[in-house]
Structure formats: structure tokens, C-alpha cells
Amino acid sequence: MTVLAIDIGGSKFSAATVEPSGAITAKLEMPVGPDPTATLKDIVARIVVPGLISEEGLTGVGIGSAGPLDAVRGTVSPVNISVWRDFPLVKTVAQLLPGVPVHLAGDGQLMALGEWWRGRFSAGALLGIVVSSGIGGGLVFEGQPHLGPTGNAGHIGHIRAGEGWEACRCGAVGCVETIASGPSMVRWALANGWQQAVEPTFWAGRPVDTRALAADAKRGVAVAVEAFDRAAGALATAILTTAALFDVDNVVVGGGVAAAGTTLLTPLRRAVADQAGLGFLRRLKVEPTSLGRDAGLLGAAALALGRA
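Because the structure is a prediction, the values reported are computed rather than measured.

Draft legend 1. Inspection of the packing of aromatic side chains at higher detail. Counted by the stated rule, this structure contains three aromatic pairs. When the ring of Trp 84 is compared with that of Phe 87, the centres are 4.1 Å apart and the planes differ by 5°; the resulting orientation is stacked. Accessibility expressed as a relative area gives 2% for Trp 84, which makes it buried. Ring-pair connections join several aromatic residues into one group, and the members of that group are Phe 13, Trp 84 and Phe 87. The lysine or arginine in question, Arg 118, covers the ring of Trp 117, its NZ or CZ lying 5.7 Å from the ring centre.

As C-alpha cells, then:
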């Protein structure tokens, strides 16, 4: 009953073999190269080999991908992977693993499902948010992910945030992603005078990234703190919009930017509290993922195992 879980992000691909118990028996992660299709084929070839697991030992594949996607056709068009437009992801993986069923859903949906299955959230309605190079989201109701007819339900990164009015790569204007994604935060901070701190023991030789911005925000550098506050405000708008529609009990936040911990969570909780009006919105709990980077992989495994 071993399944292969694949997590397709804008900057990295991850894969793992997972048992029905939720035990991860092997895991790989690779940065997305200039040819993401080659990266996909490479990571599958590296994990589905004798010594990890043979192709014959797989009973299914679950894939969580950044969107948008078309779950019916099995295609994806991730905003942050420009060369993949209507890319036949399911067909490509099926050709790599003939005879193995392949299932597809959004990365935010499967992060939420992973938390439901193996994390600490297992009652009511759960909203999962992936804050990384993009902003993904997904809803789980009593253990069942809400996918929608095309598989795109929960795409909160493209809710209009109402500030900045910056054009988004999706074609709209003012999306949450243009304010709260890692690259957007760094771009805004640089435009407003932020300079990466010189810390040779940790940052020397590394490009400016969200980790450096988070480190400065933690130290109290004003422009870095404001970048996280702006992101928190936009995310709070998306969270409360979704909660008002679906009466969500809990919100779980994961992704690379969420690794900043309280640097993001503290202003986010404050922004949610400040913006919430109705009583049922004020009861919302916002927590970090309890599964870290494994949440999306475990959700993909749950999809392949038929637990969704």
C-alpha cells in the first residue's frame, strides 16, 4: 500500500514514499531548474528505484501542485512556473509510472488535508494557507477536502486585498499574493530602502531572500517589520473573507515564509483580531503547521490512499 507523494511548489519540488500509517519511508527535495519537467522526471526517477521503492511496489500517486489547475484534465498552470501552462502533469507522471493511478489537487488543499490526517487539527472546518513564493490555500470539512468542480477551491492568494493595486502575474490587480508572498515582501522592502544586513557568518554569499528579511524584522528593523505587517494585513483579509463564507474553525499556516514563526504569526493574529467583526469570526484560531514541510506530502499521500 505504499504511495508516492509529490509536492509541486514554485521554487522546489518534493517527493516522498508514504505508508498507510502516515510513516514517510523516503523523501527528496529538489530546486526547480530552468526546465521544471526535467526536474519532475529527475525527482521521480531518484525516489522510485530499488533501495527506496520499486515501481511495482506503488499503489498510487498523489500530487499537490501550485495553481491554478484543472483537476478534470489533469493539467496545471502554476503562476510561479511560467513555462508550465496547461501542462499535462497527471499524464506526464502516469507515463513515468505506467499502471499506477495518479491523483491531483492543489498544494494548499493537500497541506490542509495533511494537517487533518496526521496533524493536530481533526474537527470542524479547517483552512490551510501556504505562504511561500506564492500564496496557496485549501479547505477541509470534517476530513474531506473541498476541491470545487475544477479543483481550484481555496485559491485565497488571488483574493483582492484592496491595497497597493499592484498587477499580479495572474492578470488581476491587487491580489493578496502581490503583497504577502515572499518575493513580493522582499521586492516591496527593497523599494522602500531595505538593505540586507551584513552578517558574514550566516548570510555571506547568499542572495537576498525572505529569511534575511525575517531576520531583520525579528531584530526590529522598521522597513522589514512593516513588510511583514503589510503581508499580515493582506493575509488577514483573505482569511476573514474565507471564514465569513465557510464558517471556519481553525486556520493553519505553512510554507517557506511561515517558517519565520512569530515574526509572521504575531502580526497575522493581531490583524485577524483587528479586522474581525462578527462573533463567529473572532473565535478563529490561527496556528502554524504542526507537520512543517511534510504537511503537503502527507496530504498528497492521503489523496492517493483514498482518505479524501
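Draft legend 2. Quick look at the nonpolar core. Counting 46 residues, the largest nonpolar core has Ile 129, Leu 213, Leu 235, Val 251 and Leu 268 as its most contacted members. Only β8 (125-131), β9 (135-141), α4 (177-180), α5 (182-191), α6 (210-219), α7 (222-246), β11 (250-254) and α8 (262-275) provide two or more residues apiece to this core. Broken down by element, this core gets its largest block of residues, 13 residues, from α7. Apart from residues no more than four positions distant in its own chain, Val 251 is found in contact with Leu 126, Leu 127, Ile 129, Ile 239, Leu 284, Lys 285, Val 286 and Glu 287.

Draft legend 3. Spotlight on the sheet that holds strand β10 (residues 144-146). The strand order β10-β9-β8-β11-β12 describes an open sheet built from five strands, whose pairing is mixed. The open sheet has two edge strands, β10 and β12 (285-288), and neither has a second partner. Each strand axis lies, on average, 30° off the axis of its neighbour in the sheet, ignoring direction. Contacts between α7 and the sheet are confined to β8, β9 and β11, with β8 contributing the most and set at about 155° to the helix. Strands in contact with α8 are β11 and β12; relative to β12, the strand with the most contacts, it is inclined by about 165°.

Draft legend 4. A look at the pattern of salt bridges. This model, assessed by the stated rule, comprises twelve salt bridges. One salt bridge connects Glu 29 with Arg 293, and the closest N-O pair in it is separated by 2.7 Å. Note that Glu 29 is positioned in strand β3 (residues 24-31) and Arg 293 in the loop between β12 and α10 (295-304), a separation of 264 residues in sequence. Arg 46 serves as the salt-bridge partner of Asp 42, at 2.9 Å between the closest nitrogen and oxygen. Of this pair, Asp 42 and Arg 46 are both found in helix α1 (residues 36-47), four residues apart, which corresponds to roughly one turn of the helix.

Draft legend 5. Structural context of the packing of helix α3 (residues 107-118) against α10. With their axes 6 Å apart at the nearest point, α3 and α10 run at an angle of 80° to one another. On the basis of their axis angle, the class for α3 and α10 is roughly perpendicular. Between α3 and α10, the contacting residues are Leu 110, Met 111, Leu 113, Gly 114, Glu 115, Trp 117 and Arg 118 on the first element and Ala 295, Gly 296, Leu 298, Gly 299, Ala 300, Ala 301, Ala 302 and Leu 303 on the second. Of the residues belonging to the contact of α3 with α10, the class tally is ten nonpolar, three polar and two charged.

Draft legend 6. Fine view of the sheet that holds strand β4 (residues 58-65). Pairing is mixed in the open sheet, where five strands are placed in the order β3-β2-β1-β4-β7. Two strands close off the open sheet at either side, each with one partner strand: β3 and β7 (102-106). The sheet shows a mean angle of 15° between the axes of neighbouring strands, taken without regard to direction. In the sheet, strand β2 (residues 12-18) pairs with β3 via seven bridges, with the strands oriented antiparallel. Bridge assignment links Thr 17 to a residue of β3, and that residue is Ala 26. Sheet strands touched by α1: β1 (2-8), β2 and β3. Its angle to β3, the strand with the most contacts, is close to 155°.

Draft legend 7. Just the pairing of β9, in detail. Among the seven residues of β9, six are classified as buried, and the element is accordingly described as predominantly covered. Two elements, β8 and β9, share seven bridges in a ladder whose sense is antiparallel. By the bridge assignment for β9, Val 131 is matched with Ile 135. Hairpin connection of β8 to β9: three residues between the antiparallel strands. Two elements, β9 and β10, share three bridges in a ladder whose sense is antiparallel. Along β10, the bridge assignment pairs Val 140 with Pro 145. Where β9 hands over to β10, the hairpin turn is made up of two residues, of which Glu 142 adopts a positive phi near 50°.

Rules of the game
Residues numbered from 1 in each chain as written. Predicted model: local features only at pLDDT ≥ 70, side-chain atom pairs only at ≥ 80, totals over all residues. Heavy atoms only, no water. Phe/Tyr/Trp six-rings, centres within 6.5 Å; stacked < 30°, edge-to-face > 60°. Buried < 20%, exposed > 50% of the residue type's maximum accessible area, 1.4 Å probe, protein only. Lys NZ or Arg CZ within 6 Å of the ring centre and 35° of its normal. Core = buried A, V, L, I, M, F, W, Y, C linked by side-chain atoms within 4.5 Å. Helix = DSSP H or I, 4+ residues; strand = E, 2+ residues; numbered from the N terminus. Contact = heavy atoms within 4.5 Å. Pairing = 2+ DSSP bridges. Axes fitted to C-alpha atoms, helices over the stretch in contact; angles between N-to-C directions. Salt bridge = Lys/Arg side-chain N within 4 Å of Asp/Glu carboxyl O. Parallel < 35°, antiparallel > 145°, perpendicular 65-115°, else oblique. Nonpolar A, V, L, I, M, F, W, Y, C, P; charged D, E, K, R; others polar.

The quantities given are spatial measurements derived from coordinates; they are silent on function.
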